[in-house]
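Listed below are the residues making up each chain.
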Amino acid sequence: DPAYGLPHALLADLLAAHYQWGCEEEADWLEKAAALAATALDLDADSQYAQWSWAFCRFLQGDGEQFADLARRAIDRNPYNSNLRFGYGVKLCMLARWNEGLTHVDEATRLNRSCPGWTHTAWVLRHYLNENYHEALNRAKLIYTPDFLGGPLLRAAIYGRTGRREQAETELAALTQI
């Protein structure tokens with residue numbers, strides 16, 4: 001149904017994720033995602049997913065402040081949506097808004113104890129940047145998401161930083177397989 005906003009929003013999110021992770025060679029994934037997100041908002045301005053997909057596109061377009069404002073409004077529509085809350089928290093951390101971001105990551109974890117492995121990346125990076133490599137590695141070992149570059153990449157960095165060359169090489173080999 002071309003007048004139903006939710007599919008537009010979900011497809012926008014999917015295309016934006018493809019753009020973010022470089023899963024496809026299409027140069028215009030982000031533009032397509034933004035157009036779909038705008039259509040989703042036009043069709044259903046109250047939709048949490050329409051608001052999120054538009055915010056996600058703004059993040060990928062480099063507008064962190066607008067992302068934070070728009071995504072916060074999307075989260076406020078349903079603060080119990082742990083998946084969006086994880087995404088929001090991790091992206092806030094990527095914008096160096098660590099306290100706010102980690103608060104959302106922790107809240108999402110409280111809401112969903114079966115969280116996917118990638119949700120630990122924010123805490124791994126925070127511990128790593130604070131040179132708390134033991135805690136960073138403990139968290140990085142929880143990133144078990146298949147075909148996700150983040151797990152082996154972060155573990156390789158931690159192992160390399162702590163002089164554990166053999167383990168770092170094992171993680172780099174896993175990374176190259178992905």
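Residues numbered from 1 in each chain as written. Predicted model: local features only at pLDDT ≥ 70, side-chain atom pairs only at ≥ 80, totals over all residues. Heavy atoms only, no water.

(A) Fine view of the overall build of the chain. A tally of regular secondary structure across the chain gives ten helices and zero strands. Secondary structure elements in the chain, listed N-terminal to C-terminal, are α-α-α-α-α-α-α-α-α-α. Here the chain holds 178 residues, and 43% of them are scored as buried. Counting only contacts in the chain whose residues sit at least 6 apart along the sequence, the fraction spanning at least 24 positions is 51%. Split by element, the accessible area of the chain, about 9,700 Å² in all, is 51% carbon and sulfur. The chain carries 17 positive and 23 negative side-chain charges, and their two centres are separated by 9 Å. (Helix = DSSP H or I, 4+ residues; strand = E, 2+ residues; numbered from the N terminus. Buried < 20%, exposed > 50% of the residue type's maximum accessible area, 1.4 Å probe, protein only. Contact = heavy atoms within 4.5 Å. Areas by Shrake-Rupley, 256 points an atom, 1.4 Å probe, with all protein chains shown as cover. Lys, Arg positive; Asp, Glu negative; His and termini not counted. Charge placed at Lys NZ, Arg CZ, Asp CG, Glu CD.)

(B) Representation of the environment of Thr103 within the structure. Here Thr103 is to be found in helix 6 (residues 98-111). Between the C-alpha atoms of Thr103 and Phe86, which are 17 residues apart in sequence, the distance is 9.9 Å. A polar atom in the side chain of Thr103 sits 2.7 Å from the backbone oxygen of Asn99. (Polar contact = N/O pair within 3.5 Å; in protein donor to acceptor, adjacent residues only side chain to side chain.)

(C) Inspection of the packing of aromatic side chains at higher detail. Counted by the stated rule, this structure contains six aromatic pairs. Their ring planes at 75 degrees and their centres at 5.9 Å tell us that Trp52 and Phe67 sit as a pair that is edge-to-face. Of this pair, Trp52 sits in helix 3 (residues 48-60) while Phe67 sits in helix 4 (residues 64-77), and the two are 15 residues apart along the sequence. Take Trp52 and Phe67: they sit in the same class, and that class is buried. (Phe/Tyr/Trp six-rings, centres within 6.5 Å; stacked < 30°, edge-to-face > 60°.)

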